[in-house]
Amino acid sequence: MNRSISDGLNFFSKLNSKKIWNAFKLYTSYYVSRGLKKPYHWGSPVSMEIEPTTSCNLRCPQCPSGLREFTRNTGMLDFELYKKIINEIYPELTYLILYFQGEPFLNIKFLEFVKYAAQKNIYTATSSNAHYFTDDMAKATVESGLDRLIISIDGISQSSYSKYRIGGDLEKVINGTKNILKWKKQLNSKTPHVIWQFIAFKHNENEIPELKQLAKKIGVDELGIKTAQIYDYQHTNELIPEDEKLSRYTKTSEGYKIKNKLLNQCWRMWRGSVITWDGLVVPCCFDKDATHRFGDVSKENFKSIWKNEQYTNFRAAILKSRKEIDICTNCTEGTKVWN
C-alpha cells in the first residue's frame, strides 16, 4: 500500500460521528463568517498545537528559539497542565501537533504526552531536528503511538546542512532517521509516518535532486520541500532561493515582496489554537512570541477562552483588514512545495 494512503487511512480511523459533526459546524461557521464579514463560530477545535518546550539544541538564524530572542518566558510543559488541556478538548479534537517552538524531545515527558493523546484516539504529530534518536529513543518513539514525525533535514552535506542548522550534525539526523525506520519494521508498525522536511534556501536549492535520491535510498515515507520564512525579506536576499518556485517571496524593482495575497480570511482562526508551554492561548504558529494572548489555560477552561471577547474581536479583525495584523504580514499558508 502507498505509504501516504496508509497515513491517510490512519488519520480517518481517528474520526467518529461527534468529530465529523464538529468539523461540519466549524466549516459552516467559517464560510458564513467570510460571507457576512462577521465572526460566527460554531464548534470546538479540530486541530491544536501544544508546545512541549521553547528550548532547542540548535541555533537556527531565522528561529526565535535558535536565536534565544524570546520576550516571553521559556521553559518546559508540565504533564499535569497538558492532561488538563487534553481532557477539556479531546472529544472533538482530531489532530494534535506537539510542537510550536523548540525541540520537543528535550522535554523528558514528551513521549508521555504522545501516549496520553493516543489513548484518547487523537492523531499526533511532531517536528524534530532528530538529534536524539538513539536506538532506545527510536524504539520508544515508535512504541509511543506517534502518528507523524517530521524530521528537518536542510542539506545533504554537513557544510550545507549546518549553514542554517547551526550546531547541528547531519550524521545524527540520518542515523536517527534510520533508527526510527528500523524499529518501525522490527515492530511491524505503520507509524509514525516519517517525513523528511527540507527548507529551500539559496545555498541548498541545488541539492534537491540528490536529496530525493537519498530519501528514496533510506526509505522515508515522504519528502517535503518547504519554502523558508525570512523575517527581514525586504532587505536581504542571502537566504532566498534563486528559483522562485522554491520561495515565498518574489523579486521586484524595489526588492522582495511576499507572494501571498493577504485576503481577509483565515481558516486557522476557526480550526484551532496554539498553546504555549506555560498555557497561553495564541492564534497561530506565526505568533511565535505570543504577543496576541487570548487567555491562560493554567487558570481558565479552554472552551471559555475559545469563544471569549478577545478571540472574537481578533477573528473580526481578520475578516475586516488582515494586513493590519502584525503576525499576518509574513503569513503564507499553503507555501509547501510537496514532492
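The coordinates are above.
These figures come from a predicted structure and were not determined experimentally.

J.: Go over the overall build of the chain with me, naming the residues and quoting the values.
T.: Helices and strands together make up the secondary structure of the chain, namely twelve helices and twelve strands. For the chain, the C-alpha radius of gyration of 20 Å lies close to 20 Å, the compact-globule estimate for 339 residues. Contacts in the chain between residues far apart in sequence, at least 24 positions, make up 68% of those at least 6 positions apart. Of the roughly 15,600 Å² of accessible surface on the chain, a fraction of 51% belongs to carbon and sulfur atoms.

J.: Requested: an account of the pairing of strand β7 (residues 249-252), with residues and values cited.
T.: Two elements, β7 and strand β8 (residues 255-258), share four bridges in a ladder whose sense is antiparallel. From the neighbouring strand, Thr-252 faces β8, where its bridge partner is Gly-255. Connecting the antiparallel pair β7 and β8 is a turn made up of two residues.

J.: Give me the environment of Ser-6: which residues, what numbers.
T.: Counting through the fold element by element, Ser-6 comes out in helix α1 (residues 3-12). In this structure Ser-6 comes out as buried when scored by relative accessible area, which is 16%.

J.: Account for helix α4 (residues 79-89), naming residues and giving values.
T.: All buried positions along α4 are accounted for by Phe-79, Leu-81, Tyr-82, Ile-85, Ile-86, Glu-88 and Ile-89. Taken together, the buried residues of α4 touch β1 (47-50), β2 (95-97), α5 (110-119), β9 (274-275) and α11 (302-306). The opening residue of α4 is Asp-78, an N-cap whose side-chain oxygen sits 3.0 Å from the backbone nitrogen of Glu-80.

J.: For the packing of α5 against helix α6 (residues 135-144), give the residues involved together with the corresponding values.
T.: With their axes 9 Å apart at the nearest point, α5 and α6 run at an angle of 20° to one another. In terms of axis orientation, α5 runs roughly parallel to α6. Once α5 is placed against α6, the crossing between them reads as left-handed. Along its contact with α5, which presents Leu-111, Val-114, Lys-115 and Ala-118, the element α6 presents Met-137, Ala-140, Thr-141 and Ser-144. For the contact of α5 with α6, a count of residues per class yields five nonpolar, two polar and one charged.

J.: If you had to explain the nonpolar core to someone new, which residues and values would you point to?
T.: Ile-50, Tyr-82, Leu-96 and Trp-196 are the most contacted members of the largest nonpolar core, which totals 88 residues. With residues up to four places along the chain from it excluded, the contact list for Leu-96 reads Met-48, Ile-50, Tyr-82, Ile-86, Ala-117, Ile-122, Tyr-123, Thr-124 and Ala-125. If you look at the next biggest cluster of nonpolar residues, it comprises five residues, including Phe-100, Val-274, Leu-280 and Val-282.

J.: If you had to explain α1 to someone new, which residues and values would you point to?
T.: Think of an α-helix as 3.6 residues a turn; residues three or four steps apart then line up on the same face. Listed as buried for α1 are Ser-6, Asp-7 and Asn-10. Each buried residue of α1 lies within a common arc of 100° when the element is viewed along its axis, so the set occupies one face. Buried residues along α1 sit against β3 (123-128), β4 (148-152) and β5 (193-200).

J.: Go over unusual backbone geometry with me, naming the residues and quoting the values.
T.: Here the residue pair Thr-191 and Pro-192 is connected by a cis peptide bond, since its omega of 0° sits within 30 degrees of zero. If you trace the backbone, Pro-192 turns up in the loop between α8 (170-186) and β5. Even without a glycine there, the phi angle at Asn-188 is positive, about 55°. Within the element layout of this structure, Asn-188 appears in the loop between α8 and β5. Owing to a relative accessible area of 72%, Asn-188 belongs among the exposed residues under this scheme.

J.: Break down the side chain of Thr-250 for me, citing the residues and quoting the values.
T.: Among the structural elements, Thr-250 can be located in strand β7. According to the relative accessible area criterion, Thr-250 is buried, its value standing at 17%. There is a polar contact of 2.8 Å between the side chain of Thr-250 and the side chain of Glu-244. Dropping the residues within four chain positions of it, Thr-250 is found in contact with Glu-244, Gly-255, Tyr-256, Lys-257 and Lys-259.

J.: Now, about the pattern of salt bridges: what can you tell me, with residues and values included?
T.: A full pass over the atoms with the stated rule returns 13 salt bridges. Residues Lys-303 and Glu-92 are paired through a salt bridge, measuring 3.3 Å at the closest nitrogen-oxygen approach. Here Glu-92 lies in the loop between α4 and β2 and Lys-303 lies in helix α11, a separation of 211 residues in the sequence. On the basis of relative accessibility, which here comes to 11%, the residue Glu-92 falls in the buried class. With a shortest N-O distance of 3.7 Å, Glu-112 and Lys-115 are connected by a salt bridge. With Glu-112 and Lys-115 both in helix α5, this residue pair falls three residues apart, about one helical turn. For Lys-115, a relative accessible area of 34% translates into the label partly exposed. When salt bridges that share partners are traced, they join Lys-18, Glu-92 and Lys-303 into one network.

Reading the values: rules and limits
- Residues numbered from 1 in each chain as written.
- Predicted model: local features only at pLDDT ≥ 70, side-chain atom pairs only at ≥ 80, totals over all residues.
- Heavy atoms only, no water.
- Helix = DSSP H or I, 4+ residues; strand = E, 2+ residues; numbered from the N terminus.
- Rg over C-alpha atoms; globule rule 2.2 N^0.38 Å.
- Contact = heavy atoms within 4.5 Å.
- Areas by Shrake-Rupley, 256 points an atom, 1.4 Å probe, with all protein chains shown as cover.
- Pairing = 2+ DSSP bridges.
- Buried < 20%, exposed > 50% of the residue type's maximum accessible area, 1.4 Å probe, protein only.
- Polar contact = N/O pair within 3.5 Å; in protein donor to acceptor, adjacent residues only side chain to side chain.
- Axes fitted to C-alpha atoms, helices over the stretch in contact; angles between N-to-C directions.
- Parallel < 35°, antiparallel > 145°, perpendicular 65-115°, else oblique.
- Left-handed = near helix turned anticlockwise from the far one by under 90°.
- Nonpolar A, V, L, I, M, F, W, Y, C, P; charged D, E, K, R; others polar.
- Core = buried A, V, L, I, M, F, W, Y, C linked by side-chain atoms within 4.5 Å.
- Arc of directions from axis to C-beta.
- Salt bridge = Lys/Arg side-chain N within 4 Å of Asp/Glu carboxyl O.

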